[in-house]
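Each chain is listed here by its residues.
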Amino acid sequence: MIIKIINRVWIFLVLLLGGCANNNEPKLDELVNDLYQARTVSNYQVSGNRDGATTQVFVIFQLENNERLQIELEITYNPVPVLRSGSWRIDGKESSSGNVKAESLKFLGGQGEGPSIGGRFQLVDNFQPRFKAFIPLGPINKPKW
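The paragraphs below set out a description of the structure included in this document. Worth saying up front: this structure is predicted, and the values here are computed from it rather than measured.

**Topic: the overall build of the protein chain**
Logical step 1: Across its full length, the protein chain holds one helix and nine strands.
Logical step 2: Starting at the N terminus, the α and β elements of the protein chain follow one another as α-β-β-β-β-β-β-β-β-β.
Logical step 3: Burial status across the protein chain gives 34% buried among its 145 residues.
Logical step 4: Across the protein chain, contacts joining residues at least 24 apart in sequence account for 36% of those joining residues at least 6 apart.
Logical step 5: Entry remark: accessible area of the protein chain is about 9800 Å², with carbon and sulfur atoms responsible for 53%.

**Thoughts on the pairing of strand β4 (residues 54-63)**
Logical step 1: Where strand β3 (residues 41-51) lies against β4, ten bridges are found, and the strand directions are antiparallel. Across the sheet, residue V46 finds its bridge partner in β4, namely V59.
Logical step 2: Between β3 and β4, which follow one another and run antiparallel, lie two residues, and G52 among them has a positive phi close to 65 degrees.
Logical step 3: The pairing of β4 with strand β5 (residues 68-77) spans nine bridges and is antiparallel. Directly across from F61, in β5, lies its bridge partner L69.
Logical step 4: Connecting β4 to the antiparallel partner β5 that follows it, the hairpin turn spans four residues, and N65 within it adopts a positive phi of roughly 60 degrees.

**Regarding unusual backbone geometry**
Logical step 1: Even without being glycine, N33 reaches a positive phi, approximately 55 degrees.
Logical step 2: Among the secondary structure elements, N33 is positioned in the loop between β1 (27-32) and β2 (35-39).
Logical step 3: Judged by its relative accessible area of 72%, N33 falls in the exposed class.
Logical step 4: Look at N66: it is not a glycine, yet its phi comes out positive at around 55 degrees.

**Some details on the environment of F107**
Logical step 1: Summarising the element assignment, F107 is placed in strand β7 (residues 96-109).
Logical step 2: Note: C-alpha distance between F107 and I117 (ten residues apart in sequence) is 4.8 Å.
Logical step 3: If sequence neighbours within four positions are ignored, F107 has contacts with R50, Y77, P81, P115, S116 and I117.

**Details of the environment of G48**
Logical step 1: Mapped onto the fold, G48 is located in strand β3.
Logical step 2: Here the alpha-carbon distance between G48 and E74, two residues 26 residues apart in the chain, equals 9.7 Å.

**Considering the packing of aromatic side chains**
For any two aromatic rings, the description comes down to two numbers: the centre-to-centre distance and the angle of the planes.
Logical step 1: According to the stated counting rule, one finds three aromatic pairs in the structure shown.
Logical step 2: Note on Y44 and F61: the rings are 6.3 Å apart at their centroids and 25 degrees apart in plane angle, and the pair reads as stacked. Residue Y44 is found in strand β3, and its partner F61 is found in strand β4; the two are separated by 17 residues along the sequence.
Logical step 3: According to the relative accessible area criterion, Y44 is partly exposed, its value standing at 29%.
Logical step 4: In this structure F61 comes out as buried when scored by relative accessible area, which is 0%.

How each quantity is defined
Residues numbered from 1 in each chain as written. Predicted model: local features only at pLDDT ≥ 70, side-chain atom pairs only at ≥ 80, totals over all residues. Heavy atoms only, no water. Helix = DSSP H or I, 4+ residues; strand = E, 2+ residues; numbered from the N terminus. Buried < 20%, exposed > 50% of the residue type's maximum accessible area, 1.4 Å probe, protein only. Contact = heavy atoms within 4.5 Å. Areas by Shrake-Rupley, 256 points an atom, 1.4 Å probe, with all protein chains shown as cover. Pairing = 2+ DSSP bridges. Phe/Tyr/Trp six-rings, centres within 6.5 Å; stacked < 30°, edge-to-face > 60°.

Below, the structure written as structure tokens:
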């Protein structure tokens, strides 16, 4: 009986600590043979701007083998943030593109300073899942063109 209680306490602690972990690294998984496989993200950049009740966000993932994945998001507020539209494009050995669906969307700020955007997104190609992207919550910067 005591062993069961101790085991339950350990399970509770592991779940609690795991839920409190803060992941600040972007992540990209590609669906290959019905399994998601992690892709190596060597660099990423988030930029965009807010105009009234709409925010445009541009995310670039630099991947292995000189591939580059670009995600464009349009987020509106009425009164909660909602992904109005999204698209993606990957350039490299096999170029492809599609639409973005939000699995979870995080938004902070934006009143006195620039907004912060993050979340989990499914990237769809011809109505089929292709990638899952995790963008850590962080401020968007105005693009430097």
